[in-house]
Amino acid sequence: MADSGVTEGPDKKEEIDRAKSEGKELTKEEKQRLRKEKKQQKKNKEKKDDKASQESEKEKKPLSSPPPASQPPPQSTTQKAPSAVPAPAPVSVPASEAPVPADKPAKSKAELKAERRARQEAERASKQGKKGETGQQAATSKQKAPPNELQPVVKRLPEHIQVDNPDVLKKLAKKLERQQIPLRMDYGYKVSLFSHLHQYSRKAPLTQQVSIPSTVIHPAVVRLGLQYSQGIVTGSNARSVALLHAFKQVIRDYTTPPNEELSRDLVNKLKPYISFLNQCRPLSASMGNAIKYIKKEISNIPSQCKEEEAKSKLLNCIECYINEKIILAAKAIAKSAIEKISDGDVILIYGCSSLVNHILCEAFEKSRKFRVIVVDSRPRLEGREALRRLVQKGISCTYVLISAVSYVLPEVSKVFLGAHALLANGYVMSRVGTSQIALVAKAFNVPVLVCCETYKFCERVQTDSFVSNELDDPDDLIVTRKGKTHLKDWQEVPSLGLLNLVYDVTPPDFVDLVITDLGLGMIPCTSVPVVLRVKNVDQ
Amino acid sequence: PEDELVEYFRDQMRKDPDMASAVAAIRTLLEFLKRDKGETILGLRESLTSATTCLTGVDSSVAVSSGGELFLRFISLTSLEHQDLSRCKKVMEERGELFLEKISMSRAKVAKLCHTFIKDGAKILTHSYSRVVLRVLEKAAGEKKRFSVYVTESQPDAAGRQMAEALRKLNVPVTVVLDAAVGYVLEKVDLVIVGAEGVVESGGIINKIGTYQLALCSKAHNKPFYVVAESFKFVRLYPLNQQDVPDKFKYKADTLKTVENFSEEHPVIDYTPPSLITLLFTDLGVLTPSAVSDELIKLYL
């Protein structure tokens, strides 16, 4: 869409979709522009004035390419300028300028800029006079105001939850093409409620499409991608640690090309890796925070730093991060959590959380007398791994499936849950089934404790499990019992969809306590935004 | 020095019966700081901690331990970079005086915030004897508001009668009700105000036994349940249920020392979870239960 010569149709639709997603603010303006487009298709020149008056509000944008007031043709050429800016340039730019078939030859950019600036000044002057009549126009202008100013309020929707939007997919395909990463195709019929998410098949890993040896993607990252997509490395802590180790290898093998600065070039080198890993398996919140940290560290490397020194510094940073945020945090959390485990307790856990397992093992070593009930669910059956680890330590365990949870809860004294991420509105994002357990525990008045390191706290806000989730391979749900595989041909039944969700979101009313590190110990679920605020201030 | 400490503490309590036990404790600690002849800052801190423990042996309420801890944090919050120990001590003493001054104003601040929630003609239900609630009702009566009060008798020490006496002196119409009659009387009242011995991290409170029942009934009747407490009562505890409250707070100090088997003893306090509390009035402002953790993080971090 940032390309020149774009037709109005798809552009308009994108704009309208975006408007719809942004809350119908632009309906009036949308209608206006639609009408405008239709007229424009018939007559060009007469509409220049029309558009001019309407474009005039949009003039206010101090963007790189504000639409000039009177002449539509330069608009399209100036559109070429923003197309030079990388794809994630504000979508509103091309949308706001009524796209006109480019019929002017390219002027030099400087001339165009000068023209634009002159027109802007004239515009502003006339604007001052016109203030009275810009009732509705002011409203629309505010809505279409510079994305720079409105950036914090008007956010672009992330790509991975807009899979049913063909334009977004086109953009993604172009971006991946530029980074030379193969695009992974979605697989199978998607249930309509979740058709906005990707659904990949494990039998078609992205690594099969990557040529060996790959020049763009580092082999450590290729291996990591395979491990993610095949489910060899699972669990948010394990994935983050694996990611950081892979990046350490990348940094070790990195050499700064001539005439480039390490701080900028390394960050650019990491971008295709991150896209690749995202294609293999969507990034988790903890991985996102880790990547943000690494990018910050890299860009903070002073330019006069020698390459060897810079590399060792970065490797050190990553080591520190893993040590502080994951290993030491686990120790601190275990220390606080052990206070809550008393003798004679019956503790219920769900799935396999490395942190919860660590806490229980530590408590057992400190000779607390308790027994554990492990709840498990298909298709991942992660509880078996937790069971194996606990039984090895000698803890007495019971194993049930999630359908038996209300049967078993009357004898439970506490529920310990792990988390994938803690959202800014206090909701807990965790493995699917967690909110179920929290709900039933609340009904039985059993306290629910969530254990989560602070590096998993994220700024996102989510109130339901639909808007942003992960769809795993639907073929995982197929099971063979007594020689019969009933769902083998599910693809042939047109009305049948298999849904294999990975995450769900638990509201803070069901969680009694969050145990975390950073010296905070035990906090209520509603204090997560406070921690985020304090952390940001510290950093 | 331990006996001196205890003597001084009891003395303070006797001198001003209206003062909260935590304030008396803090005064004692300040005096202890002034008289301390330690050589190192670390030693000073340790001796202050042991002094606090000693005082909790006299009066086992939550407020004494939380007040002592907060005092220690407040005075050590400055940069103690001076070379001379005596100068450091002087700084700490000054901060101690400042802290004491701040908290002696806290009851007045709370009363100022809360009395506006008592409307003319209101019927208030309260529990046991709380000096903060008394102060609030005093202020409301001073504003020429007409209200009547129901007080629970609050066994085992019948402290509710003491409260009723104090209210009669203010010319407020007061009725003493049995602890068992709380559900019966709740349909007549408009709001419930209680004090607190301690405010925990979750936003819940620790108060005289019977408060939890009162809160449950008010929730069932949809009546607002207000808590008035000074900020030095904020404590870094997080009980999950009644059993989770540490034993050292549940029983009176003398009981803790003499009795071996607690299953025979009746606890004197209970824990009210934050879901049953509407608002908390503190000298830091009017807070919802979830904001208590916010304040605690600020106080302790």
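Quick note: structure is the one above.
Residues numbered from 1 in each chain as written. Chains lettered and ligands numbered in written order. Predicted model: local features only at pLDDT ≥ 70, side-chain atom pairs only at ≥ 80, totals over all residues. Heavy atoms only, no water.

From N to C terminus, chain B includes 13 helices and 10 strands. Rg of the C-alpha trace for chain B: 20 Å, near the compact-globule value of 19 Å for 301 residues, within the 12% margin. C-alpha atoms of chain B, sized along the principal axes, occupy 65 × 45 × 35 Å. Among the 301 residues that make up chain B, the fraction classed as buried is 53%. The long-range share in chain B, meaning contacts at least 24 apart out of those at least 6 apart in sequence, stands at 74%. Summed over its atoms, the accessible surface of chain B is roughly 14,100 Å², and 51% of this surface lies on carbon and sulfur atoms. Computing the positive centroid from 39 side-chain charges and the negative centroid from 41, chain B places the two 7 Å apart. (Helix = DSSP H or I, 4+ residues; strand = E, 2+ residues; numbered from the N terminus. Rg over C-alpha atoms; globule rule 2.2 N^0.38 Å. Buried < 20%, exposed > 50% of the residue type's maximum accessible area, 1.4 Å probe, protein only. Contact = heavy atoms within 4.5 Å. Areas by Shrake-Rupley, 256 points an atom, 1.4 Å probe, with all protein chains shown as cover. Lys, Arg positive; Asp, Glu negative; His and termini not counted. Charge placed at Lys NZ, Arg CZ, Asp CG, Glu CD.)

Looking now at helix H1 (residues 2–15) of chain B. Residue and element names in this part refer to chain B. Compared with the 20 Å implied by 1.5 Å per residue over 14 residues, the 20 Å span of H1 between its first and last C-alpha is a close match. When H1 is considered as a whole, its buried residues turn out to be Leu-5, Val-6, Phe-9 and Gln-12. Seen from one end, H1 has its buried residues packed into an arc of 125°, which puts them on one side. Exposed residues on H1 whose side chains face more than 90 degrees from its buried face are Asp-3, Arg-14 and Lys-15. Against helix H2 (21–35) and helix H3 (41–58) lie the buried residues of H1. (Expected span 1.5 Å × (residues − 1). Arc of directions from axis to C-beta.)

Further remarks concern the sheet that holds strand E9 (residues 279–282) of chain B. Across a sheet, paired strands are connected by hydrogen bonds in the backbone, their directions being either parallel or antiparallel. Residue and element names in this part refer to chain B. If you walk across this open sheet you meet the 7 strands as E3-E2-E1-E4-E7-E9-E10, and the pairing is mixed. Each end of this open sheet is capped by a strand with a single partner; those strands are strand E3 (174–177) and strand E10 (285–287). With strand direction ignored, the average angle separating the axes of adjacent strands in the sheet is 25°. Examined bridge by bridge, strand E1 (residues 122–127) and strand E2 (residues 147–152) share 6 bridges and lie parallel to one another. (Pairing = 2+ DSSP bridges. Axes fitted to C-alpha atoms, helices over the stretch in contact; angles between N-to-C directions.)

The next subject is unusual backbone geometry. The amide bond that connects A:Arg378 to the next residue, A:Pro379, takes the cis arrangement and shows omega of -5°. Mapped onto the elements of the fold, A:Pro379 is located in the loop between strand E2 (370–376) and helix H16 (383–393). A cis amide bond links B:Gln155 to the next residue, B:Pro156, at an omega of 10°. Looking at the element boundaries, B:Pro156 is found in the loop between E2 and helix H8 (159–169).

Now for the pattern of salt bridges. Residue and element names in this part refer to chain A. All told, the structure shown has 33 salt bridges over all chains when counted by the stated rule. With a closest N to O distance of 2.8 Å, Asp-345 and Lys-414 form a salt bridge. Pair noted here: Asp-345 is in strand E1 (residues 345–350) and Lys-414 is in strand E4 (residues 414–418), with a separation of 69 residues, a long-range link. Both residues of the pair, Asp-345 and Lys-414, belong to the buried class. Each member of the salt-bridge network shares a partner with another, and the members are Arg-202, Arg-380, Glu-382, Arg-431, Asp-472 and Asp-476. (Salt bridge = Lys/Arg side-chain N within 4 Å of Asp/Glu carboxyl O.)

Further remarks concern the interface of chain A and chain B. With 17 residues of chain A in contact, the opposing surface of chain B contributes 13 residues. When the two sides are added together, the surface that chain A and chain B hide from each other amounts to roughly 1,200 Å², 60% of it contributed by carbon and sulfur. On the chain A side of the interface with chain B, the three residues burying the most area are A:Lys340, A:Leu520 and A:Pro524, jointly 31% of the side's total. For the interface between chain A and chain B, the tally reads 2 salt bridges. A salt bridge links B:Asp294 to A:Arg533, with the shortest nitrogen-to-oxygen separation between them at 3.2 Å. For the side of chain A that touches chain B, the elements supplying multiple residues, two or more each, are strand E12 (521–523) and helix H19 (528–538) of chain A. Broken down by element, the side of chain A that touches chain B gets its largest block of residues, 4 residues, from H19(A). A class-by-class count of the residues in the side of chain A that touches chain B yields 10 nonpolar, 3 polar and 4 charged. (Buried area = accessible area lost by both parts, 1.4 Å probe. Nonpolar A, V, L, I, M, F, W, Y, C, P; charged D, E, K, R; others polar.)

This brings us to the packing of helix H4 (residues 62–75) of chain B against helix H5 (residues 85–104) of chain B. All names here are of chain B. Their axes nearest at 9 Å, the elements H4 and H5 cross at an angle of 130°. By the angle between their axes, H4 is oblique relative to H5. As for the relative orientation of H4 and H5, their crossing is right-handed in sense. Contacts between H4 and H5 pair Gly-67, Leu-70, Phe-71, Phe-74 and Ile-75 from the former with Met-92, Arg-95, Gly-96, Leu-98, Phe-99 and Lys-102 from the latter. Each residue belonging to the contact of H4 with H5 can be placed in one class, and the counts come to 7 nonpolar, 2 polar and 2 charged. (Parallel < 35°, antiparallel > 145°, perpendicular 65-115°, else oblique. Left-handed = near helix turned anticlockwise from the far one by under 90°.)

Residues and elements named next belong to chain A. As for its placement among the helices and strands, Arg-380 is situated in the loop between E2 and H16. For Arg-380, a relative accessible area of 25% puts it in the partly exposed group. Residues within four places of Arg-380 in sequence aside, it is in contact with Thr-234, Arg-281, Arg-431, Asp-472 and Val-502. Only 2.8 Å separates the side chain of Arg-380 from the side chain of Asp-472, close enough to count as a polar contact. (Polar contact = N/O pair within 3.5 Å; in protein donor to acceptor, adjacent residues only side chain to side chain.)

Residues and elements named next belong to chain A. Counting 44 residues, the largest nonpolar core has Ile-217, Tyr-228, Leu-243, Phe-247, Leu-270 and Phe-276 as the members making the most contacts within it. Broken down by secondary-structure element, the contributors of at least two residues to this core are helix H9 (166–179), helix H10 (219–229), helix H11 (236–252), helix H12 (262–280), helix H13 (285–299) and helix H14 (307–338). Top element by residues in this core is H12. It accounts for 9 residues. For Leu-270, the residues in contact, after removing those within four places along its chain, are Phe-247, Val-250, Ile-294 and Ile-298. With 34 residues, the next largest nonpolar core counts Tyr-350, Val-408, Val-446 and Val-450 among its residues. (Core = buried A, V, L, I, M, F, W, Y, C linked by side-chain atoms within 4.5 Å.)

Residues and elements named next belong to chain B. Here the structure, examined in full by the defined rule, presents 8 aromatic pairs over all chains. Ring geometry for Phe-117 against Tyr-226: centres 5.6 Å apart, planes inclined by 75°, an arrangement best described as edge-to-face. Note that Phe-117 is positioned in the loop between helix H6 (106–114) and E1 and Tyr-226 in strand E7 (residues 225–228), a separation of 109 residues in sequence. Owing to a relative accessible area of 31%, Phe-117 belongs among the partly exposed residues under this scheme. (Phe/Tyr/Trp six-rings, centres within 6.5 Å; stacked < 30°, edge-to-face > 60°.)

Attention shifts here to the pairing of E1(A). Residue and element names in this part refer to chain A. Taking burial as the measure, the 6 residues of E1 include 6 buried ones, the bulk of the element. Alternating residues of E1 divide into Asp-345, Ile-347 and Ile-349 and Val-346, Leu-348 and Tyr-350, and every residue in both groups is buried. Two elements, E1 and E2, share 6 bridges in a ladder whose sense is parallel. Paired with Asp-345 across the bridge in E2 is Phe-370. Between the parallel pair E1 and E2, the chain is carried across by helix H15 (residues 354–365), and the sense of this crossover is right-handed. Relative to E4, E1 runs parallel, the two sharing 3 bridges. Note on E4: the bridge partner recorded for Leu-348 is Val-415. (Right-handed = clockwise from strand over helix to strand, strands pointing away.)

Residue and element names in this part refer to chain A. Within the secondary structure layout, His-420 lies in the loop between E4 and strand E5 (421–422). Given a relative accessible area of 7%, His-420 falls into the buried group. Within the structure, the side chain of His-420 is placed 3.4 Å from the side chain of Tyr-503, a separation counted as a polar contact. Setting aside chain neighbours within four positions, we find His-420 in contact with Ser-236, Arg-239, Ser-284, Ala-285, Met-429, Ser-430, Lys-456 and Tyr-503.

Purely geometric numbers; function is a separate question.
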